[in-house]
Amino acid sequence: MPNVGLIYDPLYLWHDTGAHPESALRLTTIMHLLTEAGIIGRLKLLPPRDATIDEIAMVHDPDYIAQVRYIADSGGGWADPDTFISPRSYDAALRATGGCLAATDAVLRGDIDSAFCLVRPPGHHAMPDAAMGFCLFDNIAVAARYAHRQHGIERAAIIDFDIHHGNGTQAAFYEDPSVLYFSTHQYPYYPGTGHLEETGSGTGRGTNVNVPLPAGCGDDEFRRVFAEALEPILDRYAPQVIFVSAGYDGHFEDPLASMSLSVAGYGEIMTFLQRKARELAGGRLVCALEGGYHLLAEAWGVRASLEVLLGNRVTDDPFGKPSEPSGVHIDRVLAAVKTLHHLTVSPQV
Ligand SMILES: [Zn+2]
């Protein structure tokens with residue numbers, strides 16, 4: 001059985017957002033389901049640690065980090081129209097990022113095969129100098145840069161299957177070829193970025209891959225995008241470790257987005273990512289929770305992901321498939337991705 005690590009800390013519940021879709025109930029629901037299903041006992045529970053300010057500053061402006069701390073220490077408040085900071089949010093955010101660093105250490109040292117970080121606040125919308133979209137510090141981006149600085153990783157991939165574009169992660173590595181960022185997201189949609197032609201700049205040109213998808217995409221469409229675009233891009237880039245921004249807001253029951261993924265579909269996605277990690281990166285896979293706002297659909301999605309990492313098939317899905325076929329067409333967007341990223345096979349001479 002593969003050795004799979006889990007990062008979790010009750011401090012993550014102290015990021016108290018009140019009546020907000022990104023609430024502590026997300027994590028308690030996931031932990032309850034994983035415990036009930038007997039999955040927790042099959043995982044290696046990794047102790048998280050706090051990230052240092054210097055580590056967060058690999059991605060974020062020190063003035064911004066100080067501002068998050070100041071708002072928390074002053075009793076809390078809104079950092080942007082969507083993002084609340086409570087008195088313990090700064091502490092929770094340091095440990096969320098630090099949890100991802102602890103998982104990265106464990107995977108890159110070979111103590112475990114893969115890791116899943118059940119952290120909050122989430123990270124992928126956090127800009128280098130601003131909170132955004134429920135996110136304070138970009139956990140997975142800091143982990144990728146840490147892998148580079150601390151472990152000498154020259155090529156890391158971040159696969160972001162959250163249904164929103166990870167504008168913060170894109171911004172962190174837009175000019176940096178040492179990290180490949182690949183995002184599937186509903187488009188046009190929050191936060192507005194993630195256009196096809198945002199492909200990176202300078203030496204980072206070509207290592208930022210956006211696949212903006214129409215509302216309604218489900219398991220079939222994601223399977224095609226992963227097989228036809230992600231697979232050749234990963235094969236060409238040959239990452240030494242794969243990070244995953246794992247968001248479950250693409251489930252058809254999710255109240256914030258309009259996609260049609262199923263729990264089984266999330267299992268398929270993780271099966272693909274685990275296979276590519278094994279083929280290209282010695283199996284090294286570090287996943288961090290991003291969004292997911294239907295509590296039970298998210299918990300079942302995480303459960304499916306962990307079953308796959310543990311080497312099991314995903315058989316239980318209380319939600320099933322959406323009742324209507326998606327009826328969406330992604331031929332044009334896929335063709336555009338292939339052209340922009342030079343994936344089209346040239347005719348043999
Ligand atoms: Zn999201």
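Computed from a prediction, not measured in an experiment: that's the story for all the values here.

Colleague: Quick one: what's the story with the sheet that holds strand β1 (residues 4–7), residue by residue and with numbers?
Modeller: Across a sheet, strands are paired by hydrogen bonds formed along the backbone, either parallel or antiparallel in direction. Taking strand neighbours across the sheet as the criterion, the eight strands line up as β2-β1-β5-β10-β9-β6-β7-β8 in an open arrangement whose pairing is parallel. The open sheet has two edge strands with one neighbour each: β2 (44–46) and β8 (208–213). Strand-to-strand, the axes of this sheet are offset by a mean angle of 15 degrees, without reference to chain direction. Relative to strand β10 (residues 285–289), strand β5 (residues 114–117) runs parallel, the two being bridged by four bridges. Within the sheet, the bridge partner assigned to Phe116 lies in β10 and is Cys287. Lying over the sheet, helix α4 (residues 89–108) contacts β1, β2, β5, β9 (241–246) and β10, oriented at roughly 175 degrees with respect to β5. Sitting on the sheet, helix α8 (residues 263–280) is in contact with β5, β6 (156–160), β9 and β10, with an inclination near 150 degrees to β10.

Colleague: Requested: an account of helix α3 (residues 62–73), with residues and values cited.
Modeller: Between the first and last C-alpha of α3 there are 16 Å, a value that for 12 residues agrees with the 16 Å anticipated at 1.5 Å per step. Here α3 has its buried residues at Tyr64, Ile65, Val68, Ile71 and Ala72. The arc that holds the buried residues of α3, viewed along the axis, is 125 degrees, so those residues lie on one side. Opposite the buried face of α3, at more than 90 degrees from it, the exposed residues are Asp63, Tyr70 and Asp73. Of the residues that open α3, the one with a side-chain oxygen 2.9 Å from the backbone nitrogen of Asp63 is Asp61.

Colleague: Account for the coordination of the zinc ion, with residues named and values stated.
Modeller: Of the protein atoms, only Asp162 (OD), Asp162 (OD), His164 (ND1) and Asp249 (OD) coordinate the zinc ion, at distances of 2.0 to 2.7 Å. Note that the zinc ion binds four donor atoms; their angles at the metal cover 53 to 155 degrees, and the shape is irregular. Relative accessible area serves as the criterion here: at 1%, Asp162 is assigned to the buried category. The exposure class of Asp249 is buried, given its relative accessible area of 0%.

Colleague: Outline unusual backbone geometry, listing residues and values.
Modeller: Working note: non-glycine residues mostly have negative phi, and peptide bonds are mostly trans. Backbone torsion omega between Tyr187 and Pro188 reads -5 degrees, so that peptide bond is classified as cis. Note that Pro188 resides in the loop between β7 (179–186) and β8. Here the residue pair Tyr190 and Pro191 is connected by a cis peptide bond, since its omega of 5 degrees sits within 30 degrees of zero. Structurally, Pro191 can be placed in the loop between β7 and β8. The phi dihedral of Phe134 falls on the positive side, at around 75 degrees, and the residue is not glycine. Residue Ala238 is not a glycine yet carries a positive backbone phi of 55 degrees. Along the chain, Ala238 falls in the loop between α7 (219–237) and β9.

Colleague: Report on the packing of aromatic side chains, specifying residues and quantitative values.
Modeller: Overall, the coordinates contain 11 aromatic pairs when judged by the stated rule. A centroid spacing of 5.1 Å and a plane angle of 65 degrees characterise the contact between Trp78 and Phe84, whose relative ring orientation is edge-to-face. On the basis of relative accessible area, Phe84 is assigned to the partly exposed category, the value being 22%. Pairwise contacts between aromatic rings join Phe182, Phe222, Phe226 and Phe272 into one cluster. Note that Arg88 overlies the ring of Trp14, its terminal NZ or CZ placed 5.8 Å from the centroid.

Colleague: So what's going on with the environment of His124? Which residues, and what values?
Modeller: Here His124 shows up in the loop between β5 and α5 (139–151). Judged by relative accessible area, His124 falls into the buried class, the value being 2%. Sequence separation of His124 and Gly110 is 14 residues, and the distance between their C-alpha atoms is 26 Å. If sequence neighbours within four positions are ignored, His124 has contacts with Cys135, Asp138, Asp160, Asp162, His164, His165, Gly166, Asn167, Gly168, Thr169, Ser245 and Glu290. A distance of 2.7 Å separates polar atoms of two side chains, one belonging to His124 and the other to Asp160.

About the criteria used
- Residues numbered from 1 in each chain as written.
- Predicted model: local features only at pLDDT ≥ 70, side-chain atom pairs only at ≥ 80, totals over all residues.
- Heavy atoms only, no water.
- Pairing = 2+ DSSP bridges.
- Helix = DSSP H or I, 4+ residues; strand = E, 2+ residues; numbered from the N terminus.
- Axes fitted to C-alpha atoms, helices over the stretch in contact; angles between N-to-C directions.
- Contact = heavy atoms within 4.5 Å.
- Expected span 1.5 Å × (residues − 1).
- Buried < 20%, exposed > 50% of the residue type's maximum accessible area, 1.4 Å probe, protein only.
- Arc of directions from axis to C-beta.
- Polar contact = N/O pair within 3.5 Å; in protein donor to acceptor, adjacent residues only side chain to side chain.
- Donors = N, O, S within 2.8 Å, 3.2 Å for Na, K, Ca; no water.
- Tetrahedral: all angles 85-135°; square planar, octahedral: opposite > 155°, others 65-115°.
- Phe/Tyr/Trp six-rings, centres within 6.5 Å; stacked < 30°, edge-to-face > 60°.
- Lys NZ or Arg CZ within 6 Å of the ring centre and 35° of its normal.

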